[in-house]
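# Descriptive analysis of the structure
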Amino acid sequence: MPLVLPDGLDSLEELATFLKHPVPDVRAMAAQIALSISASEEGRRGLVEAQVLPTLCRLSADTDKVAEPAISAMINLCADELPSVVQELLKRGIVDRLVETVTSEDCSCRDRALMLLANVSATTTGAKRVMQQEEEEEEEEEEKEEEEEGNTDSRDQEKRKKKEEEEEEDDKPAAGTTLPSSSSSTSLPPSRGKKETTTVIKEKKERKEKKEKTTSLLTGLHIRRLLRCFLSHYDPAAEEDEWQYVSSVLHNVTQLQEGRDLLRRRTTNLLGAVLPQLESRNPIRRRGVACTIRNCCFEEGDHYYYIHEMALIAHLLFPLMGSDRHLDADERQALHPLVLRGGSNKQREPDEAVRTALLETLLLFCSTRSSREALRRQGVYAVVREADKSEPSEENSEIIYKIVNFLQRDEETRHPAANDGKEGSTEGGREEGLNEGPDEDGREGGEASLPRPLSDLKERAELDLEAFKASLAELD
């Protein structure tokens, strides 16, 4: 289906010109037109072909009146999951721009900007850029350039050496000829020798080490800034939450080892700091945090700390816990006080995606015998048993079945040589298939928070193109 342009607009190239107009009102109107066009697949394809992405990226740091429609248009452009779109945005420094935008106090399009950041970080490259990691592809390209430069130097040295030999051969006197004596002698200019080449290599190595050191200091700085704002603006009773999409960004970056390491670090305890977010009234915040916790539980060596020091199991069970009327006295006694504080009127987590992430996390703790024994002692079986009775999702019921199967098994018969329960021990009780490890990109923990189009764009009002034309006529 061909793209139908709004009346008064001849081409998308003309729109790209208006997006660069020096008058803010004109840029704002042009951004609104780009937003309208981006609502359809044909429009998104046309905007990409017209190369408006670099201009939209620059407008994200413009005034709020211009930045909000520009950011919304880029969100829609990410909806088709085209790698070229995200790569172009990353090339234009969209991550740094968005982080600066959302952390400024006077930002009025924070929710939209964080949604775009979540979409960009859904790719491996985007997640690495949010973590401020040095891209492997860039490093490989630099190394290739250095290698080519080194090969060029070697070839130049060989050519110079060959030329010197030829000139020396030409300068030799013929047989029987005596050259006049001279008090001064001339020589060819010194060639670039081994010593100079070694110095160049050393300088390049020093620059690379300095760059790696700087990158190491910056790694995770964006996430720490976002997480600080995410936690400081937390209101359990609030449904409207402009910081909600930080949880989606956390979900995405913790699919990288570096992202998991940042939250797992015990000195800062960032993972423990996000646990209360599971009780937020905002489903997006709960969903992202639940998936982040799951991603951080793949390392079995952390399970002892999570269970015995962080009380993570209690935080996982509380959303899954319903009324305690169906539990007997022994089962209630086994549960942590945090799990029982909901009383007889407690309602289970209504969001299916959150329940799935919580159950998958409990399943990860079934990977070793020591962890399974801890789950039994903390009453996990009783909670998931009652949760299964009201679980509408077959996928979640299947996960519960697996958890119950692990908790009800005869450990001595099936695994007599199990581990001793010490921290970090994974010998003898580990179950195959529960933790397959990262994929080729270093990501694990399920799918990322994928790009999404803005649903409210379907109900946008018609653009006042006559006013747009009038504003242009006044400028002329």
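## Concerning the overall build of the chain
Helix and strand content of the chain: 26 helices and 0 strands. Sorting the 476 residues of the chain into buried and exposed places 45% on the buried side. A fraction of 76% describes how many contacts in the chain between residues 6 or more apart in sequence connect residues 24 or more apart. In the structure as shown, the chain presents an accessible area of about 25600 Å², 47% of it carried by carbon and sulfur atoms.

## Here we look at the packing of aromatic side chains
For the coordinates displayed, the defined rule picks out 1 aromatic pair. Their ring planes at 55° and their centres at 6.2 Å tell us that Tyr305 and Tyr306 sit as a pair that is tilted. The same class applies to Tyr305 and to Tyr306, which are both buried. Taking NZ or CZ as reference, Arg341 lies 4.0 Å from the ring centre of Phe318, over its face. Positioned above the aromatic ring of Phe318 is the side chain of Lys346, whose terminal nitrogen or guanidinium carbon lies 4.6 Å from the ring centre.

## Description of the confidence of the model for the chain
Considering every residue of the chain, the mean pLDDT works out to 79; 68% of them sit at 70 or more. Per-element confidence in the chain is highest for helix α21 (residues 352-364), whose mean pLDDT is 97, and lowest for helix α26 (residues 465-475), whose mean pLDDT is 55. Confidence over residues 136-142 falls short of pLDDT 50; this stretch has 4 contacts with residues more than four positions distant or in other chains. Here residues 455-464 scores under 50 on pLDDT; set against residues more than four positions off or in separate chains, the count is 11 contacts.

## Observations regarding the side chain of Ser367
Within the secondary structure, Ser367 is located in the loop between α21 and α22 (369-377). The class of Ser367 is buried, set by a relative accessible area of 1%.

## Quick word on the nonpolar core
Grouped together as the largest cluster of nonpolar side chains are 111 residues, with contacts concentrated most on Leu89, Ile94, Leu116 and Leu362. Beyond its immediate chain neighbours, meaning those up to four positions away, Leu116 contacts Ile71, Met74, Ile75, Cys78, Leu89, Ile94 and Leu98.

## Considering helix α1 (residues 12-19)
Taken residue by residue, α1 has Leu12, Leu15, Ala16, Phe18 and Leu19 as its buried positions. For α1, the buried positions fall inside an angular range of 160° around the axis, keeping them on one side.

## Some words on the pattern of salt bridges
All chains considered together, the criterion is met by 22 salt bridges. The partner of Arg341 in a salt bridge is Glu279, and the shortest N-O contact between them spans 2.4 Å. Separated by 62 residues along the polypeptide, Arg341 in the loop between α20 (337-340) and α21 and Glu279 in the loop between α15 (270-274) and α16 (283-295) bring together distant segments of the chain. When its relative accessible area of 43% is taken as the criterion, Arg341 is described as partly exposed. Given a relative accessible area of 34%, Glu279 falls into the partly exposed group. Across the pair Glu373 and Arg369 runs a salt bridge whose closest N-O atoms are separated by 3.0 Å. Highlighted residues: Glu373 and Arg369, both in helix α22, separated by 4 residues, approximately one helical turn.

## What to know about the environment of Cys109
Within the secondary structure, Cys109 sits in the loop between α7 (94-103) and α8 (110-120). For the pair Cys109 and Ser72, spaced 37 residues apart in the sequence, the C-alpha separation amounts to 9.5 Å. Dropping the residues within four chain positions of it, Cys109 is found in contact with Asp64, Ala67, Glu68 and Ile71.

## Points about unusual backbone geometry
Phi angles above zero are rare outside glycine, and Gln132 is one such case at about 60°. Residue position: Gln132 is located in the loop between α9 (124-130) and α10 (136-171). Of note in this structure, Asn269 is not a glycine but carries a positive phi near 55°. By secondary structure assignment, the location of Asn269 is in the loop between α14 (257-264) and α15. Looking at Asn269, the relative accessible area reads 31%, which means it is partly exposed.

## Concerning helix α24 (residues 394-407)
With 14 residues, α24 should cover 20 Å at 1.5 Å per step; its first-to-last C-alpha distance of 20 Å lies within 8% of that length. Among the residues making up α24, those that are buried are Asn396, Ile399, Ile400, Ile403, Phe406 and Leu407. Looking straight down α24, one finds its buried side chains confined to an arc of 120°; they lie on one side. Facing away from the buried side of α24, by more than 90 degrees, are the exposed residues Glu394 and Tyr401. Structurally, the start of α24 carries an N-cap: the backbone nitrogen of Glu395 is 3.3 Å from a side-chain oxygen of Ser393.

## Observations concerning the environment of Asp96
Note on placement: Asp96 falls in helix α7. A C-alpha to C-alpha distance of 9.9 Å links Asp96 and Leu117, two positions 21 residues apart in sequence.

## Notes on the packing of helix α12 (residues 221-232) against helix α13 (residues 246-253)
Any two packed helices are characterised by how steeply their axes cross, that is the angle between the axes, and by the distance between the axes. With their axes 10 Å apart at the nearest point, α12 and α13 run at an angle of 140° to one another. When you trace α12 past α13, the crossing you get is left-handed. Where α12 approaches α13, its residues Ile223, Leu226, Leu227 and Phe230 are matched on the opposing element by Val246, Ser247, Val249, Leu250 and Val253. Tallied by class, residues from the contact of α12 with α13 come to 8 nonpolar, 1 polar and no charged.

## What about a negative patch on the surface?
A cluster of acidic residues, Asp64, Glu68, Glu105 and Asp106, forms a negative patch at the surface. Among the secondary structure elements, Asp64 is positioned in helix α5 (residues 64-77). Using a relative accessible area of 30% as the deciding quantity, one classes Asp64 as partly exposed.

## With respect to the packing of α7 against α8
Taken N-terminus to C-terminus, the directions of α7 and α8 make an angle of 150°; their axes are 9 Å apart at the nearest point. Here α8 runs roughly antiparallel to α7, going by the angle between their axes. Classified by chirality, the crossing of α8 by α7 is left-handed. Where α7 abuts α8, its residues Ile94, Val95, Leu98, Val99 and Val102 lie against Arg110, Ala113, Leu114, Leu116, Leu117 and Val120. Split into classes, the residues belonging to the contact of α7 with α8 amount to 10 nonpolar, no polar and 1 charged.

What counts, and where the lines are drawn
- Residues numbered from 1 in each chain as written.
- Predicted model: local features only at pLDDT ≥ 70, side-chain atom pairs only at ≥ 80, totals over all residues.
- Heavy atoms only, no water.
- Helix = DSSP H or I, 4+ residues; strand = E, 2+ residues; numbered from the N terminus.
- Buried < 20%, exposed > 50% of the residue type's maximum accessible area, 1.4 Å probe, protein only.
- Contact = heavy atoms within 4.5 Å.
- Areas by Shrake-Rupley, 256 points an atom, 1.4 Å probe, with all protein chains shown as cover.
- Phe/Tyr/Trp six-rings, centres within 6.5 Å; stacked < 30°, edge-to-face > 60°.
- Lys NZ or Arg CZ within 6 Å of the ring centre and 35° of its normal.
- pLDDT = per-residue confidence, 0-100.
- Core = buried A, V, L, I, M, F, W, Y, C linked by side-chain atoms within 4.5 Å.
- Arc of directions from axis to C-beta.
- Salt bridge = Lys/Arg side-chain N within 4 Å of Asp/Glu carboxyl O.
- Expected span 1.5 Å × (residues − 1).
- Polar contact = N/O pair within 3.5 Å; in protein donor to acceptor, adjacent residues only side chain to side chain.
- Axes fitted to C-alpha atoms, helices over the stretch in contact; angles between N-to-C directions.
- Left-handed = near helix turned anticlockwise from the far one by under 90°.
- Nonpolar A, V, L, I, M, F, W, Y, C, P; charged D, E, K, R; others polar.
- Patch = residues over 30% accessible without salt bridge, like charges linked within 9 Å, V, L, I, M, F, W, Y side chains within 5 Å.
- Lys, Arg positive; Asp, Glu negative; His and termini not counted.
- Charge placed at Lys NZ, Arg CZ, Asp CG, Glu CD.
- Parallel < 35°, antiparallel > 145°, perpendicular 65-115°, else oblique.

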